[in-house]
Amino acid sequence: MQLISFCINTARNELNHIQLLFKSLQQNLSTLDHEILVFVDSDNQNTFEWLLTQKTVFKNLKILKNILDIPYGYQRNINELFLTAKHDIVSYLQSDMVVCKDYDIEVLKHLQPGSIICSTRIEPPLHGNSGEKITYDFGLDPELFNLEEFTLYAETHKTNRITQYFFAPFTLYKDTWNSIGGHDTRFRRSREDSDVLVRLVLNGTKIIQVWNALVYHFTCTSSRGKDWFDSNNTEAQQRAKLQQYADSIELNRFFRKWGRFSHSMDPLPVYNISAIINGSETKQNAHKLKLIEPFFNKIKTSDYFINSVLVDYKNRHTPANTLLRVESSVWDECCYMFNDDNYIQRITSNDIHDDVVITFSLDNLTESHVNTFILNLQDIIHQHDEIGEFSYDIFNIQVNKKQDISSEKIAIQNPIIQQQHLYTTH
């Protein structure tokens, strides 16, 4: 058997989950010779000390501990895990997962260079039924979880079925991941999975979901918090609401990068589309501009509208920092660690020139225009074959050239951390 580097990230309030995951790894992997890599991003339950006790069980256990005052976030620490892994094959597991019997054997059955194998989740009925997972309730408390019962259930539900869907947990050759730069660190709270999927597919990676490698997933523990589903837990609901706000910011980051949202095996072309936007300088028009701004590569507009967008820009990291318990003084020191959208270059009062330039007034822009035109702008340009000028309702459109730039976005480079940031056990 080829050996695997199993890569796991964990943070606050996840000790009980990772203890259960390790119990399932010990019981259900076919061999304990695999490398187990754990990234402890933040720790309030002595998770690091507990992991040290597991070195007597897993001889190839390595623990990476973040020693900075700021959490990496799971996007960046996954990249770090894969870079650190000693084996060619890496397998990512979230801390709130439980693996089936012979999980290592099952994920290797279909793995080939240039492919990524996504295992199938068994989840409690918190999100409803859907075709890419199995819904079955083994509970929401890892301390009450019956591992033997789950293992037997998983054995009877393994099939040789293969579909195409991308989510964690996944297994691949680490060179495939590193060739695109891994996760883009601009996505701090969500949408990083959709972004990396688009880039993997554009790079020729084959996405395979297998139904013989099964995991139980407690769902959303790392992003929404342990008790996000409890409607009577006020603190948990406040956190879930803040996460929803953070999600909306991440979605706008995705729009700025790709022009549309996609979690698809068939990415569409991307065009550089800029706008010249005018209109009465009112709060209503400023709100309209903030709504549509993410869909343009560059925008020429008045100083009034530029300043209205920059106000939101200054607060763009507040939800993520609140969720991650990052103080503003610490963020000011460490923000360089993450990619970001550059509003200063994107929104200007200077003349702009681009492949496609659209001119319109905010005074005439309606919700219908946003839904039928702005949201579908990339597709409209894709379907329009002619070079030159044409009109669409209130919009004047100048197509100077049609050039798909999606390939330019495949490989990303994340900033290098400029200080000692990890303690690593061997």
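So, here's what we can say about the structure. Predicted, not measured: the structure shown is a model, and the values here were computed from it. (Residues numbered from 1 in each chain as written. Predicted model: local features only at pLDDT ≥ 70, side-chain atom pairs only at ≥ 80, totals over all residues. Heavy atoms only, no water.)

## Observations regarding the packing of helix H7 (residues 192–202) against helix H9 (residues 234–258)
Between H7 and H9, the least distance of the axes is 11 Å, while the angle of their chain directions is 25 degrees. As far as their axial angle goes, H9 and H7 are roughly parallel. Here H7 contributes Ser-194, Asp-195, Val-198, Arg-199 and Leu-202 to the contact with H9, which in turn contributes Phe-254, Lys-257 and Trp-258. (Axes fitted to C-alpha atoms, helices over the stretch in contact; angles between N-to-C directions. Helix = DSSP H or I, 4+ residues; strand = E, 2+ residues; numbered from the N terminus. Parallel < 35°, antiparallel > 145°, perpendicular 65-115°, else oblique. Contact = heavy atoms within 4.5 Å.)

## Examining the layout of surface pockets
Think of a ball as big as a water molecule: rolled over the atoms, this probe shows where empty space is left. In this model, the second largest pocket occupies a volume close to 560 Å³. Considering the residues around the second largest pocket, the lining is formed by 29 residues, among which Arg-186, Arg-256, Lys-257, Asn-297 and Lys-409 are closest to the centre. Of the residues belonging to the lining of the second largest pocket, the class tally is 11 nonpolar, eight polar and 10 charged. (1 Å grid on protein atoms, 1.4 Å probe; cavity = no way out; pocket = protein on both sides within 12 Å on 5 of 7 lines; lining within 4 Å. Points joined across faces, edges and corners; volume = space filled by probe spheres on them. Nonpolar A, V, L, I, M, F, W, Y, C, P; charged D, E, K, R; others polar.)

## A closer look at the sheet that holds strand E11 (residues 273–278)
Strand order in the open sheet formed by six strands is E13-E12-E11-E14-E16-E15, and the pairing between neighbours is mixed. The open sheet terminates on both sides in strands that have one partner only, identified here as strand E13 (347–348) and strand E15 (388–392). (Pairing = 2+ DSSP bridges.)

## A closer look at the packing of aromatic side chains
Enumeration according to the criterion identifies 30 aromatic pairs in this entry. An angle of 55 degrees between the planes, with centres 5.8 Å apart, marks the rings of Phe-145 and Phe-150 as tilted. Looking at Phe-145, the relative accessible area reads 9%, which means it is buried. Taken together, the ring pairs connect Tyr-136, Phe-138, Phe-145, Phe-150, Tyr-153, Tyr-216 and Phe-218 into an aromatic cluster. The ring centre of Phe-167 lies 4.8 Å from the NZ or CZ of Arg-121, which sits over that ring. (Phe/Tyr/Trp six-rings, centres within 6.5 Å; stacked < 30°, edge-to-face > 60°. Buried < 20%, exposed > 50% of the residue type's maximum accessible area, 1.4 Å probe, protein only. Lys NZ or Arg CZ within 6 Å of the ring centre and 35° of its normal.)

## Some details on the packing of helix H10 (residues 283–292) against helix H11 (residues 303–314)
At a minimum axis distance of 9 Å, the contact between H10 and H11 shows a crossing angle of 60 degrees. The angle between H10 and H11 places the two elements in the oblique class. Every pair of crossing elements has a handedness; the one defined by H10 and H11 is right-handed. Taken together, the residues of H11 that come into contact with H10 (itself represented by Lys-283, Asn-285, Ala-286, Leu-289 and Lys-290) are Tyr-304, Phe-305, Ser-308, Val-309 and Asp-312. Split by residue class, the contact of H10 with H11 holds five nonpolar, two polar and three charged. (Left-handed = near helix turned anticlockwise from the far one by under 90°.)

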